[in-house]
Amino acid sequence: MFSERLLGQSKSTKGLIANILLEILIIILGVLISLWLSNIFQHWDNARQEQVYLELLHSDLQADLAVLRSERAHREEQVTAAGQLIGALNNPDVPTYRQTVANSMRNLLTTIRFSSSNATFRALESTGELKLIREDSLVNQLIQLYSKDYESLRHNNDDISNFRNNFLLPYAVT
């Protein structure tokens, strides 16, 4: 009788331990499934954010391209104006001399200041969300464009402005 009672307790203890282990296993599986689902939803959210940022970058780059085309056309007009100015200065006897010089100088004295549409890139860079863009070559090209290429354009504009201020502006004032 005592041994039967002892065996009964042993069976119930084994059953209790099995139930506890089963509950722990269910909890662990529940946590793992929860983490897995969370990662999937985070991945979807990151992909959605990446798409939004790529669209914003595309819009910024299209705006920059339009401004650069306009500025290039203006620079070409300035090159033409420089040629007209040189032609007029070589032939001061032409009746339209004064008008040509004045128009050419006016065109050459206008200032062009390129300012890129870099708000999206700066936001990505400052928040650390540049990592959302999964294509490394695109990230490298964006960094090259905004950090180096556009900076060289700004320096070029400064050089041209300094040349204009130092060499053309004195003639326009006199």
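Residue positions are given per chain, counted from 1 along the sequence in the order it is written. pLDDT decides what is reported in this predicted model: residues at 70 or higher carry local features, side-chain atom pairs at 80 or more are listed and counted, and totals for whole chains, interfaces and linings draw on all residues regardless. The side-chain figures draw on all heavy atoms in the structure; neither hydrogens nor water molecules are used.

*Asks:* Before we move on, can you summarise the side chain of E71 with the specific residues and values?
*Replies:* With respect to the helices, strands and loops of the structure, E71 is situated in helix α1 (residues 2–90). A simple rule labels every residue: compare its accessible area, found with a 1.4 Å probe on the protein chains alone, to the largest value its type can have, and call it buried under 20%, exposed over 50%, or partly exposed in between. By the counting rule applied here, Lys and Arg register as positive and Asp and Glu as negative, while His and the ends of each chain are not counted. Salt bridges are defined by distance alone: a side-chain nitrogen of Lys or Arg within 4 Å of a carboxyl oxygen of Asp or Glu. One buried charged side chain, E71, makes no salt bridge at all; its nearest oppositely charged neighbour is R75, positioned 5.9 Å away. Any two residues having at least one pair of non-hydrogen atoms within 4.5 Å are treated as being in contact. Not counting chain neighbours up to four residues away, the residues in contact with E71 comprise I112, R113 and F114. The helix count covers DSSP runs of H or I at least four residues long, the strand count covers runs of E at least two residues long, and both are numbered beginning at the N terminus.

*Asks:* I'd like a description of the nonpolar core, backed by residues and values.
*Replies:* The set of buried Ala, Val, Leu, Ile, Met, Phe, Trp, Tyr and Cys residues whose side-chain atoms join them within 4.5 Å is what this entry labels a nonpolar core. If you look at the biggest cluster of nonpolar residues, it comprises 13 residues, and the most contacted ones within it are L57, F121, L124, L130, I133, L142 and Y146. If you list the elements that add at least two residues to this core, you get α1, α3 (119–127) and α4 (136–173). In terms of residue count, the dominant contributor to this core is α4 (5 residues). Discounting chain neighbours no more than four positions away, the residues touching F121 are L57, L130, L142, I143 and Y146.

*Asks:* I'd like to hear about helix α2 (residues 97–108), residue by residue, with values.
*Replies:* Take the residue count of a helix, subtract one, and multiply by 1.5 Å to get its expected span. For α2, with 12 residues, the first-to-last C-alpha span of 16 Å sits near the 16 Å given by 1.5 Å per residue. All buried positions along α2 are accounted for by V101, S104, M105, N107 and L108. All buried residues of α2 lie within an arc of 160° about the axis, which places them on one face of the element. Away from its buried face, by an angle of more than 90 degrees, α2 presents the exposed residues R98 and R106. For this quantity, the arc is that covered by the directions from the helix axis to the C-beta atoms.

*Asks:* Account for the side chain of D64, naming residues and giving values.
*Replies:* For D64, the location among the structural elements is in helix α1. The term polar contact refers here to a pair of N or O atoms within 3.5 Å; inside protein, the definition further demands a hydrogen-donor-capable atom paired with an acceptor-capable atom, and it admits residues adjacent in sequence only when both atoms are side-chain atoms. At 2.8 Å, the side chain of D64 forms a polar contact with the side chain of Y150. Ignoring anything within four residues of it in the chain, the contact list for D64 reads F114, S115, S116, S117, Y146 and Y150.

*Asks:* Break down the pattern of salt bridges for me, citing the residues and quoting the values.
*Replies:* Taken as a whole and assessed by the stated rule, the structure comprises 4 salt bridges. The salt bridge partner of R48 is D45, with a shortest N-O separation of 2.6 Å. With R48 and D45 both in helix α1 and 3 residues apart, this pair spans about one turn of that helix. D45 gets classed as partly exposed once you look at its relative accessible area, which sits at 28%. In this structure, E50 engages R134 in a salt bridge whose closest nitrogen and oxygen atoms are separated by 2.5 Å.

*Asks:* Can you break down the environment of I26 residue by residue, with the values?
*Replies:* Within the fold, I26 resides in helix α1. Residues I26 and E125 lie 99 residues apart in sequence; the distance between their C-alpha atoms is 43 Å.

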